[in-house]
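One letter stands for each residue in the lines below.
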Amino acid sequence: MNNLSRRAFVSFALASTSLLAMPAISTGSARPKVVVVGGGAGGATAARYIAKDSKGAIDVTLIEASKQYYTCFYSNLYLGGFREYDSIGHSYDNLSANHGVNVVHDWAISVDSSARKVRLGSGATVSYDRLVLSPGIDIKYDSINGYSVEAQTKMPHAWKSGTQVKVLRDQVLNMPKGGTFAMVPPPNPYRCPPGPYERISMVAHILKERNPTAKIVVVDPKNKFSKQGLFMAGWEKHYPGMVEWIDNDTHGGIKNVNPETMEIETDLDTFKADVACVVPAQRAGAIAMNAGVTDGDWSPIIPASMQTKADSNIYVLGDASVASSMPKSGFSANSQAKVAANHIRGELTGSKVFAAKFSNTCWSLVATNDGIKVGANYKAGEEKIEAVEKFVSKTDEDNAKRKKTYEESIGWYNGITTDMFS
Amino acid sequence: MLVFRGLVAEPLLEGADFDYGEYLSGQCLTCHQNSSDEGIPAINGAEALYIAKKLILYKNKELENEVMQLVASALDKDEIASLAIYFNSLEK
Ligand SMILES: Cc1cc2nc3c(=O)[nH]c(=O)nc-3n(C[C@H](O)[C@H](O)[C@H](O)COP(=O)(O)OP(=O)(O)OC[C@H]3O[C@@H](n4cnc5c(N)ncnc54)[C@H](O)[C@@H]3O)c2cc1C
């Protein structure tokens, strides 16, 4: 920062002290109140940073439906046999013990944005000065003909935190010899762009060891995907002939899925599977819809603060937001949470508000010790979060480099979960 | 801030601002924690000058690693100094 911009910061901070601290005072409560809905990558990080950095000056309540958060990140590694299921589960105990966050395990049912109150499943209401919503995604079950809530036991999506990924792993382990695993990835935009292709890699890894004559067919509603060249080269190298990826132009569109007959019908052909992972289209978690801060399926935000365009008292983080050019990832949600936390603290306590900076890196595991990554850093543009610089792994990297990339991802997993839950 | 421990005279750390370092560290803490050490070095409590010098090496692409080159490329001298004194203040 040069001297000029430092002065600009100071005067801005002073302005925000006098003007913006008022709403908190006007509520009449001793401390300004922040309510965070959803204790995932975005929400747990936001709750922890607001509580930690305000050193008790802000009253933080985290509303999270589950007692234990199972990360979607690394759930593919569980699927592939690289992690124990228990190792991807995290509790909220430290957020209350170490930072005084008031953790309430319940569903947020509705938001009354004019009264600034959130209603919970128990019937209780919690009032807020600022509300942070990081509810992740809901699955659009009706986006694929024949798919439904009931279909998910037969054709699990395993795209939300929880035990569906265990069902999927059991199905893959028990697949008939020489059988077919079918994957239907979701259309854009969706949570974790490289996720479906890492999942295919992990299934291939199991099948290569246990069921080498089995086949994988990917019926994609897209014509291209994240890290495509890297994944396809990896599949050829580690699992030659096993994975067939069929793009939308080739199969002409997914017409129907049938969980009884395990068939996926397209214009071109009907694919019969022994095990199928079907991931439908997605949208922002219901509470964002209810709060009236969505436009279509997602919640538009102001890049500089993560405030919603619809309501400046409500911030939306992570998958539920329209944060393009950032991908919907846990890393992105964690990064956005810190920008929001800094802004909220500034508004409620008059602390300095610094310019938004975001970053993301997504690692994927293609096979044992073969890790790849893609990343970028971002700044707040007027309308969009804009990428500043990017990198992506190269196809010709040697084994040592790929192993190091995988090891880095283990460091990151431990790092981000500490950053969310310690 | 007294966290400089007498290093204020060091030109590499001159523009340091502790609060700004705390804010900027958010970007790093996704990866760098004491718990990340298996694959990503823990830098909590490291000497400020050590951290600043490493960041400059990544910025100048004299040290390999895509993520760190990317991270450091976006940092100016004062930001590097701010991060260095902030991480120095954290517990190992
Ligand atoms: C297979 C797979 C692999 C992935 N791999 C990676 C990876 O390697 N790296 C990466 O960065 N990202 C990865 N992701 C993406 C990552 O999981 C998400 O982007 C991230 O979790 C988004 O964070 P979030 O805070 O938006 O939502 P979430 O983390 O989903 O958190 C939302 C939380 O809100 C709670 N909730 C929702 N509604 C309510 C309500 N009304 N009341 C109370 N609680 C509520 C939910 O219980 C949940 O705990 C992966 C995803 C998948 C599916």
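Residues numbered from 1 in each chain as written. Chains lettered and ligands numbered in written order. Predicted model: local features only at pLDDT ≥ 70, side-chain atom pairs only at ≥ 80, totals over all residues. Heavy atoms only, no water.

1. Some thoughts on the pattern of salt bridges
Argument step 1. Overall, the coordinates contain 22 salt bridges over all chains when judged by the stated rule.
Argument step 2. When the shortest N-O distance is used, the salt bridge between Asp 17 of chain B and Lys 352 of chain A registers 3.2 Å. Note that Asp 17 of chain B is positioned in the segment before helix 1 (18-29) and Lys 352 of chain A in the loop between helix 11 (330-349) and strand 23 (357-367), a pairing that runs across two chains.
Argument step 3. Taking relative accessible area as the criterion, Asp 17 of chain B reaches 12% and is therefore assigned buried. (Salt bridge = Lys/Arg side-chain N within 4 Å of Asp/Glu carboxyl O. Helix = DSSP H or I, 4+ residues; strand = E, 2+ residues; numbered from the N terminus. Buried < 20%, exposed > 50% of the residue type's maximum accessible area, 1.4 Å probe, protein only.)

2. With respect to the domain arrangement of chain A
All names here are of chain A.
Argument step 1. Looking at the assigned domains, one finds that chain A contains domain 1 (3-138 + 283-356) and domain 2 (141-280).
Argument step 2. Opposite the 19 residues of domain 1 that make contact, domain 2 presents 21 residues.
Argument step 3. Carbon and sulfur atoms supply 63% of the area buried between domain 1 and domain 2, which totals about 1,800 Å² over both sides.
Argument step 4. Among the salt bridges present, the one from Asp 319 reaches Arg 191, with a minimum N-O distance of 2.5 Å.
Argument step 5. At the junction of domain 1 and domain 2, the tally comes to 10 residue pairs in polar contact (both at pLDDT 80 or more).
Argument step 6. Contributions of two or more residues to the side of domain 1 that touches domain 2 are made by strand 3 (68-70), helix 4 (75-79) and strand 10 (137-139). (Domains from an automatic or database assignment. Contact = heavy atoms within 4.5 Å. Buried area = accessible area lost by both parts, 1.4 Å probe. Polar contact = N/O pair within 3.5 Å; in protein donor to acceptor, adjacent residues only side chain to side chain.)

3. A few points about the confidence of the model for chain B
Residue and element names in this part refer to chain B.
Argument step 1. In the predicted model, chain B carries a mean pLDDT of 91, and the fraction of residues at 70 or more is 90%.
Argument step 2. Confidence scores differ between elements of chain B, with helix 3 (residues 66-73) showing the lowest mean pLDDT of 95 and helix 2 (residues 48-59) the highest of 98.
Argument step 3. Scored by ipTM, the complex comes to 0.91, with pTM at 0.93. (pLDDT = per-residue confidence, 0-100.)

4. Some remarks on the pairing of strand 24 (residues 370-380) of chain A
All names here are of chain A.
Argument step 1. In terms of burial, strand 24 is a largely internal element, 8 of the 11 residues being buried.
Argument step 2. Where strand 23 lies against strand 24, 10 bridges are found, and the strand directions are antiparallel. Each residue of the ladder has a partner; that of Ser 359, found in strand 24, is Asn 377.
Argument step 3. In this structure, the hairpin formed by strand 23 and strand 24 is closed by a connection of 2 residues, where Asn 369 is found at a positive phi of approximately 60 degrees.
Argument step 4. With 7 bridges connecting them, strand 24 and strand 25 (residues 385-392) associate as antiparallel partners. Residue pairing across strands places Ala 380 opposite Ile 385, the latter belonging to strand 25.
Argument step 5. Two successive antiparallel strands, strand 24 and strand 25, enclose a turn made up of 4 residues. (Pairing = 2+ DSSP bridges.)

5. Describing the environment of Val 132 of chain A
All names here are of chain A.
Argument step 1. Here Val 132 lies in strand 9 (residues 130-133).
Argument step 2. Taking the C-alpha atoms as reference points, Val 132 and Gly 43, 89 residues apart in sequence, are found 7.3 Å from one another.
Argument step 3. Sequence-distant contacts of Val 132, that is, excluding residues within four places in its chain, are made with Val 34, Val 35, Val 36, Val 37, Ala 46, Tyr 315, Leu 317 and Ile 344.

6. Details of the environment of Thr 30 of chain B
Argument step 1. Structurally, the position occupied by Thr 30 of chain B is in the loop between helix 1 and helix 2.
Argument step 2. Its relative accessible area of 1% is what places Thr 30 of chain B among the buried residues.
Argument step 3. Not counting residues within four places of it along the chain, the set of residues in contact with Thr 30 of chain B comprises Phe 331, Asn 334, Lys 338, Trp 412, Gly 415, Ile 416 and Asp 419 of chain A.
Argument step 4. Here the side chain of Thr 30 of chain B touches Lys 338 of chain A through a polar contact of 3.1 Å, side chain to side chain.

7. Thoughts on the site of the ligand
All names here are of chain A.
Argument step 1. In the vicinity of the ligand, 34 residues are found, and the nearest of them are Glu 64, Tyr 69, Ser 134, Arg 191 and Asp 319.
Argument step 2. Residue Asp 319 places a side-chain N or O atom 2.8 Å away from an oxygen atom belonging to the ligand.
Argument step 3. With respect to the ligand, the backbone of Phe 331 contributes an N or O atom lying 2.9 Å from an oxygen atom.
Argument step 4. Of all the secondary structure elements, the ones that give two or more residues to the shell around the ligand are helix 4 and helix 11.
Argument step 5. Its residues assigned to classes, the shell around the ligand comprises 17 nonpolar, 11 polar and 6 charged. (Near = heavy atom within 4 Å. Nonpolar A, V, L, I, M, F, W, Y, C, P; charged D, E, K, R; others polar.)

8. Considerations on the packing of aromatic side chains
Argument step 1. What the rule picks out here adds up to 20 aromatic pairs over all chains.
Argument step 2. Ring geometry for Phe 231 of chain A versus Trp 235 of chain A: centroids 6.1 Å apart, planes at 40 degrees, classification tilted. With Phe 231 of chain A and Trp 235 of chain A both in helix 8 (residues 228-238) and 4 residues apart, the pair spans about one turn of that helix.
Argument step 3. Arranged with centres 5.3 Å apart and planes meeting at 25 degrees, the rings of Phe 354 of chain A and Tyr 23 of chain B form a pair that is stacked. Of the two residues, Phe 354 of chain A is situated in the loop between helix 11 and strand 23 and Tyr 23 of chain B in helix 1; the pairing between them involves two chains.
Argument step 4. Overall, Phe 354 of chain A belongs to the buried group, its relative accessible area being 6%.
Argument step 5. We classify Tyr 23 of chain B as buried; its relative accessible area is 11%.
Argument step 6. Through a chain of ring-to-ring contacts, three or more aromatic side chains come together here, namely Phe 73, Tyr 74, Phe 331, Trp 363, Trp 412 and Tyr 413 of chain A.
Argument step 7. Looking at Lys 52 of chain A, its charged tip hangs above the ring of Tyr 49 of chain A, at a distance of 4.4 Å from the centre.
Argument step 8. Over the ring of Trp 298 of chain A we find Lys 328 of chain A, and its NZ or CZ is 3.8 Å from the ring centre. (Phe/Tyr/Trp six-rings, centres within 6.5 Å; stacked < 30°, edge-to-face > 60°. Lys NZ or Arg CZ within 6 Å of the ring centre and 35° of its normal.)

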